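# Structural overview
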Amino acid sequence: MPALEELEAAWRQHSASEAYWDEVYHLLETYVGRPSRLYHARRLSDAVGAEVYLKREDLNHTGAHKINNCIGQAILARRMGKTRLIAETGAGQHGVATATVAALFELPCEVYMGAQDVERQALNVERMRLLGATVRPVHGGTATLKDAMNEALRDWVTNVDSTFYLIGSVAGPHPYPWMVRELQAVIGHEARQQFREQVGGLPDALIACVGGGSNAAGLFAPFVEDLSVRFYGVEAAGQGIATGRHAATLGAGRVGVLHGSKSYVLTHDSEAQLGQIAHAHSISAGLDYPGVGPEHSHWKEQGRAQYLSRTDDQALAAIELLARTEGILCALETAHAIAALPEVAAAVRQGERRGRVIVNLSGRGDKDMVTIARRRAEARQGEAELTTAPATDERSRS
Ligand SMILES: *Cc1c(COP(=O)(O)O)cnc(C)c1O
């Protein structure tokens, strides 16, 4: 608690000062490349039946929205006099973004990562090391993200005088969900102003994928008072909700406590493990978390936002749709939001008039090419087997 209280006091102090935000916005502009574009995707619009505007977070330095948050927390760390950054990472994307700002701010950086993930994500481990960070494999528990987060919390309470713990989403204990939302809200503030200037008025709906929920919260938050604007968060249904192999925390989880916040979580139903945190599954590593930010749970229960889910296969089909219509290769996480477009388009259409929708394009797809290529090769092999099967039958008949 003392560590969290110190952080909350510092956040209240610095986030109330213009000098802090000047420093944040200066780096977002000169280093990250903000503001990111709001792009009217005309061919995708025709394909899904809504006027679709893409908020291009994929064009940021490092290729996703995570850097917005890391810049803001690193500046706070320096203002608090902290001399060391720590972070936890699952797939490595938040670890890479943290290692990036650590290099920029000349701060030593240690990243906790489940030993299993260290093996699966060799490229991101190499990226972090190249950027000067130390990667610490965690062998306890299931040796994945949840265990890495436990280990990072342990490090933090031991070294709190020198150390700043940089959390990557709107999850974890207060004040993180609030702080990360405020730092990602640059997405929604820009989108609101760009939409007014380029199109006029307000959009009918916003769509974003939800892992921990930071890119969605950042887009939604500045529109919360605009009740005509509907919010759609899209979770990962993995191999299908019914299989149990998914990450649809809000869609299929229950209320519980994980890593210091009360929110929806995925838990086991079997008597032996009743209430224990379950494993999340998704083709996209960034959505593969058994919890979700508490504010999304609040928005769900208020009815302010609706939460949908899309499967691995639907996400892969959406990657292809966006690629073929707009020439943009998005991340697998982002593809879940694209896959929800036809349903949202139908919900916001008014007779002949198409609805106007902003989709948060949270990241680019380069990091996922190996996964995508493997799945496409498997699909081609499946098709080949299907087409050769009847031919064999015919031969045997003749
Ligand atoms: C990490 C990541 C996500 C999921 O994180 P949120 O906190 O839910 O935004 C989504 N998209 C991309 C590209 C990511 O890297």
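Further up the page is the structure itself.
This write-up is about the structure you can find in this document. (Residues numbered from 1 in each chain as written. Predicted model: local features only at pLDDT ≥ 70, side-chain atom pairs only at ≥ 80, totals over all residues. Heavy atoms only, no water.)

### Remarks on the site of the ligand
Applicable threshold: Definition of nearness: a residue and a molecule or strand are near each other if at least one heavy atom of the residue lies within 4 Å of the molecule or strand. Definition of a polar contact: a pair of N or O atoms within 3.5 Å, with one able to donate and the other able to accept a hydrogen when the atoms are protein atoms, and with sequence-neighbouring residues admitted only if both atoms are side-chain atoms. What sets the accessible areas is the Shrake-Rupley method with a 1.4 Å probe; for residues, cover comes only from the shown protein chains. Only Asp, Glu, Lys and Arg are considered charged in this grouping, and only Ala, Val, Leu, Ile, Met, Phe, Trp, Tyr, Cys and Pro are considered nonpolar; every other residue, Gly among them, is considered polar.
Not every one of the 16 residues close to the ligand is listed here, only the nearest: Lys66, Gln93, Ser169, Gly213 and Ser214. Within the contact set of the ligand, an oxygen atom lies 2.8 Å away from a backbone nitrogen or oxygen of glycine 211. A distance of 3.2 Å separates an oxygen atom of the ligand from a polar backbone atom of glycine 212. Taking 390 Å² as the accessible area of the ligand by itself, protein coverage stands at 97%. Split by residue class, the shell around the ligand holds three nonpolar, 11 polar and two charged.

### Digging into helix α5 (residues 93-104)
The condition that has to hold: A run of H or I in DSSP becomes a helix once it reaches four residues, and a run of E becomes a strand once it reaches two; helices and strands are each numbered from the N terminus. Expected helix span is given by 1.5 Å per residue-to-residue step, counting one fewer step than there are residues. Relative accessible area decides the class of each residue, using a 1.4 Å probe on protein chains only: under 20% of the type maximum gives buried, over 50% gives exposed, and in between gives partly exposed.
Given a rise of 1.5 Å per residue, 12 residues ought to cover 16 Å, and the 17 Å separating the end C-alpha atoms of α5 matches this to within 8%. Within α5, 10 of the 12 residues are buried, which leaves it mostly tucked inside the rest of the structure. For α5, the complete set of buried residues consists of Gln93, His94, Gly95, Val96, Ala97, Thr98, Ala99, Thr100, Val101 and Ala102. One or two steps after α5, the chain reaches glutamate 106, where phi turns positive at roughly 55 degrees.

### Concerning helix α7 (residues 122-130)
Applied cut-off: By arc we mean the arc of the directions from the helix axis to the C-beta atoms, nothing more. By definition in these notes, contact holds between two residues if any of their heavy atoms fall within 4.5 Å.
Listing the buried residues of α7 in full gives Asn124, Val125 and Met128. Around the axis of α7, the buried residues are gathered within 105 degrees of arc, so they sit on the same side. In α7, the exposed positions angled more than 90 degrees off the buried face are occupied by Leu123 and Leu130. In this structure, the buried residues of α7 make contact with β3 (84-89), α5, β4 (109-114), α6 (115-120) and β5 (134-138). Just downstream of α7 lies glycine 132, where phi reads positive at about 100 degrees.

### Describing the sheet that holds strand β11 (residues 305-311)
Rules: What makes two strands pair is DSSP finding at least two bridges between them. Note on definitions: angles span 0 to 180 degrees between N-to-C directions of axes, and those axes are lines fitted to C-alpha atoms, for helices only across the stretch in contact.
The six strands lie next to each other as β1-β2-β12-β7-β8-β11, forming an open sheet whose pairing is mixed. Because the sheet does not close on itself, it has two edges, and the strands there are β1 (38-40) and β11. On average, adjacent strands in this sheet sit at an angle of 25 degrees to one another, irrespective of strand direction. Both β1 and strand β2 (residues 51-56) contribute to a ladder of three bridges, which runs antiparallel. Within β2, the residue paired with leucine 38 across the bridge is lysine 55. Together, β1, β2 and β12 (356-361) form the strand contacts of helix α10 (residues 186-198), whose direction differs from that of β2 by roughly 135 degrees.

### Thoughts on the side chain of threonine 334
Tracing the backbone through its elements, the reader meets threonine 334 in helix α15 (residues 332-339). Residue class for threonine 334 comes out buried when judged on its relative accessible area of 0%. Here glycine 363 takes part through its backbone nitrogen, which lies 3.2 Å from a polar atom of the side chain of threonine 334. When sequence neighbours within four positions are dropped, the list of residues in contact with threonine 334 reads Cys209, Asn360, Leu361, Ser362 and Gly363.

### Topic: the nonpolar core
Heads up, the rule is: What makes a nonpolar core is a set of buried Ala, Val, Leu, Ile, Met, Phe, Trp, Tyr and Cys residues whose side-chain atoms join them at distances within 4.5 Å.
By size, the foremost hydrophobic cluster in this structure holds 78 residues, and its most contacted members are Leu76 and Val101. When residues of this core are assigned to their parent elements, the largest contribution, seven residues, is made by helix α4 (residues 66-79). Discounting residues that sit within four places of it in the chain, valine 101 has contacts with Ile67, Cys70, Ile71, Ala74, Leu85 and Leu166. Core analysis: the second largest hydrophobic core is formed by 40 residues, Ala41, Tyr232, Ala315 and Ala318 among them.

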